[in-house]
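# Results of the structural survey
So the chains spell out like this:
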Amino acid sequence: MERESSLTLLVGGARSGKSKIGAAMVETWNGLAGVIATAEALDEEMAERIERHRSSRSDDWLVVEEPIDLERALTEFDAGTAVLIDCLTLWVSNLMGMGVEDAEIERRAAAAAAAAAARPALTVVVSNEVGSGIVPMNEMARRYRDLLGTVNAIWADMAGRVLLTVAGGVIPVSRVGWATDRTWDG
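I will try to describe carefully the structure that is included in this document. (Residues numbered from 1 in each chain as written. Predicted model: local features only at pLDDT ≥ 70, side-chain atom pairs only at ≥ 80, totals over all residues. Heavy atoms only, no water.)

## Here we look at the overall build of the chain
Along the chain, the regular secondary structure elements total seven helices and seven strands. Counted from the first residue to the last, the chain has its helices and strands arranged as β-α-β-α-β-α-β-α-α-β-α-β-β-α. The globule rule puts the C-alpha radius of gyration for 186 residues at 16 Å, and the 16 Å found for the chain is close to it. C-alpha extents for the chain along the principal axes are approximately 55 × 40 × 30 Å. Counting across all 186 residues of the chain, residues that qualify as buried make up 43%. A separation of at least 24 residues holds for 78% of the contacts in the chain among residues at least 6 apart in sequence. With the model as given, the accessible surface of the chain reaches about 10200 Å², and the carbon-plus-sulfur share is 54%. (Helix = DSSP H or I, 4+ residues; strand = E, 2+ residues; numbered from the N terminus. Rg over C-alpha atoms; globule rule 2.2 N^0.38 Å. Buried < 20%, exposed > 50% of the residue type's maximum accessible area, 1.4 Å probe, protein only. Contact = heavy atoms within 4.5 Å. Areas by Shrake-Rupley, 256 points an atom, 1.4 Å probe, with all protein chains shown as cover.)

## Focus on the pairing of strand β1 (residues 7–12)
Counting buried residues along β1, six of its six residues qualify, which places the element largely inside the surrounding structure. By the alternation rule, side chains of β1 split into L7, L9 and V11 and T8, L10 and G12, which are all buried. As defined by bridge partners, β1 adjoins strand β5 (residues 123–128) across six bridges and the pair is classed as parallel. From the neighbouring strand, L9 faces β5, where its bridge partner is V125. Inspection of the sheet shows β1 paired to strand β6 (residues 161–166) by five bridges, in the parallel sense. Across the sheet, V11 pairs through a bridge with L164, a residue of β6. (Pairing = 2+ DSSP bridges.)

## Details of the side chain of T81
Relative to the elements of secondary structure, T81 occurs in the loop between α3 (70–74) and β4 (82–86). Apart from residues lying up to four places away in sequence, T81 is in contact with W29, L32, A33, G34, L62, R119, A121 and L122.

## Re the layout of surface pockets
By volume, the largest pocket amounts to about 880 Å³. Lining the largest pocket are 33 residues, with R15, S19, R49, H53 and D86 positioned closest to its centre. (1 Å grid on protein atoms, 1.4 Å probe; cavity = no way out; pocket = protein on both sides within 12 Å on 5 of 7 lines; lining within 4 Å. Points joined across faces, edges and corners; volume = space filled by probe spheres on them.)

## Description of the pattern of salt bridges
According to the stated counting rule, one finds six salt bridges in the structure shown. Two residues, E76 and R72, come together in a salt bridge whose shortest N-O distance is 2.8 Å. Its relative accessible area of 48% is what places E76 among the partly exposed residues. Judged by relative accessible area, which is 34%, R72 ranks as partly exposed. Linking R108 and E104 is a salt bridge whose minimum nitrogen-to-oxygen distance equals 3.0 Å. A residue pair is termed a helical-turn pair when its members lie 3 or 4 positions apart in one helix, as R108 and E104 do in helix α5 (residues 102–118) at four residues. Three or more residues joined by partner-sharing salt bridges are found here, namely E66, R72 and E76. (Salt bridge = Lys/Arg side-chain N within 4 Å of Asp/Glu carboxyl O.)

## Some thoughts on the packing of α5 against helix α6 (residues 139–158)
The description of two helices packed together rests on the angle between their axes and the distance between the axes. Where α5 contacts α6, the two axes come as close as 9 Å, and the packing angle between them is 25°. Here α5 is positioned roughly parallel relative to α6, judged by the angle of their axes. As for how α5 packs across α6, the hand of that crossing is right-handed. Residues D102, I105, E106, A109, A110, A112, A113, A114, A116 and A117 of α5 form the contact with α6, whose participating residues are R143, L147, T150, V151, I154, W155 and M158. Among the residues making up the contact of α5 with α6, the classes are represented as 13 nonpolar, one polar and three charged. (Axes fitted to C-alpha atoms, helices over the stretch in contact; angles between N-to-C directions. Parallel < 35°, antiparallel > 145°, perpendicular 65-115°, else oblique. Left-handed = near helix turned anticlockwise from the far one by under 90°. Nonpolar A, V, L, I, M, F, W, Y, C, P; charged D, E, K, R; others polar.)

Fair warning: the whole summary comes from geometry, so function is off the table for now.
Below, the structure written as structure tokens:
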């Protein structure tokens, strides 16, 4: 069941098509399109990734490069502009790299998700699902996996739609209430 919100969360594995699908969704909006890019070009490989993303978007997109303050970045767009936030995966990494505590990251996630969900125009946020694989060997990687899972759940709770991206396609994700409001007695 979808909730009343113009926010869509696209979550999936690496290279599953999240950004491409998110951009296509925003391009269908009957109005201006924008993107909040959270990546920073800290090395040559990331600079190349950023350039690929830039070149895949139309030149008329409004771009805000903001690695830290998503809530403020959303205010850069007027209420009628569809916005792609790409991505929570790097945003959480950026905050962790600055030494921000988990509880503060969760607070910022909740504030930004609420701001995104309150927008009248379409807002699409992209994030990786990193908790479906093996348990990471080191404490920092486990902390990141767990924190990103929590952040994704915070955004999913505010979203009108949650879509799992797999191999370039999407699968709708049901709300928790849908599964818990039923008897599963076979």
